[in-house]
Every structure is written in C-alpha cells, then in structure tokens.
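Observations on chain architecture
The residues making up each chain are set out below.
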Amino acid sequence: MTTPDDHALLRQAIALAAKAREGGDPPFGSLLVAPDGTVLAAEHNTTLTDQDITAHPELKLARWAARELDAATAARTTMYTSCQPCGMCEAVIQQAGLRRVVFALSNEQLLDIRPGSGRPPVPQDGPALLDEVRAVVEGYYR
Ligand SMILES: [Zn+2]
C-alpha cells in the first residue's frame, strides 16, 4: 500500500517525467529516496537526447546506487517512479540490490495509453558448447 508520504514523492517523479517531456524525451522520471525521505538522486528519461535506448531513469538510478552506495544503504532505499519499471530496469534494480519500488502508472496502464509500445520476446537458443564455456566460468565464483 502507498501512503501520503509515498504520494508526495511520486509527485516529484511525475514532475521529472514532465521535465523529460518538455525537453523532448519520453515522459518518465524517477527518484531514489533514503528511509528518512531524503532524495538521494533523481533522473528523467533521456533516451532521445542522449541517443541511448537504455537511458531510462530507473536504470540510471540503479547504476548510481550500485556505484555510490554500500549494499546495506542501497537495500534501504526506495525508488519512486512515474511508471512501473520495464523488464530491463527491473533486472538492473534487482542487480543493484534495491528492495522497494513505488510507481504511479503500471506497465499495463501505459500500454492502454500507448498501444504497441510493448516489445515481443527475443528468441534464444542454447545451451551449447557446455564444456568449452564451463572451462571459462568454473572457478570464478567461490
Ligand atoms: Zn526501463
């Protein structure tokens, strides 16, 4: 459940989404917030101005957290985001060790607003050449 405090921070994320739109980028914005409500970092989508398909605000914040915060601090943050993280960002959020995301618009609701914005899954073939790849990977992780 979201709280009035959550809603105040979500409004900041939505304001960042509006800023992205005003700057010519897709309308998405996100914040990373400490347990006491301090905004640690804020980003908006810059996929067009940066010509970078990965320049989603959630991904930029997760990378920032992994680089700038220790694991215990990262785990206590909350990401507030104008739209539910896409699959790419969700994976990076998990990799960064973040533990809570609060979003305004769900991915399903986004698809209602912008039909056709979903991407089909990419076919993957494998596993293959197991002995060869195992020789490179085994022993690395202890
Ligand atoms: Zn994303």
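Above this text you will find the structure in question.
1. What to know about the nonpolar core
Ranked by size, the top nonpolar core spans 11 residues in total: Leu 32, Ala 41, Leu 61, Ala 62, Ala 65, Leu 69, Ala 74, Met 79, Ile 93, Ala 96 and Leu 98. When residues of this core are assigned to their parent elements, the largest contribution, three residues, is made by helix H2 (residues 57-68). Excluding residues within four positions of it along the chain, Ala 62 makes contact with Met 79, Val 92, Ile 93, Ala 96 and Leu 98. Counting eight residues, the second-largest nonpolar core is a separate cluster that includes Leu 16, Val 33, Tyr 80 and Val 102.

2. Topic: H2
Its 12 residues give H2 an end-to-end C-alpha distance of 16 Å, which sits within 8% of 16 Å, the value for a rise of 1.5 Å per residue. Pro 57, Glu 58, Leu 59, Lys 60, Leu 61, Ala 62 and Ala 65 are the residues of H2 that are buried. Considering only its buried residues, H2 is in contact with strand S1 (29-33), strand S2 (39-44), strand S3 (78-83) and helix H4 (87-95).

3. A word on the sheet that holds S1
One open sheet holds the four strands; their spatial order is S2-S1-S3-S4, and the pairing between them is mixed. Bordering the open sheet on either side are S2 and strand S4 (101-105), each of which pairs with just one other strand. Averaged over all pairs of adjacent strands, the angle between strand axes in this sheet comes to 15 degrees, irrespective of strand direction. As defined by bridge partners, S3 adjoins S4 across four bridges and the pair is classed as parallel.

What counts, and where the lines are drawn
Residues numbered from 1 in each chain as written. Predicted model: local features only at pLDDT ≥ 70, side-chain atom pairs only at ≥ 80, totals over all residues. Heavy atoms only, no water. Core = buried A, V, L, I, M, F, W, Y, C linked by side-chain atoms within 4.5 Å. Buried < 20%, exposed > 50% of the residue type's maximum accessible area, 1.4 Å probe, protein only. Helix = DSSP H or I, 4+ residues; strand = E, 2+ residues; numbered from the N terminus. Contact = heavy atoms within 4.5 Å. Expected span 1.5 Å × (residues − 1). Pairing = 2+ DSSP bridges. Axes fitted to C-alpha atoms, helices over the stretch in contact; angles between N-to-C directions.

Don't take any of this as a statement about function, it's just geometry.
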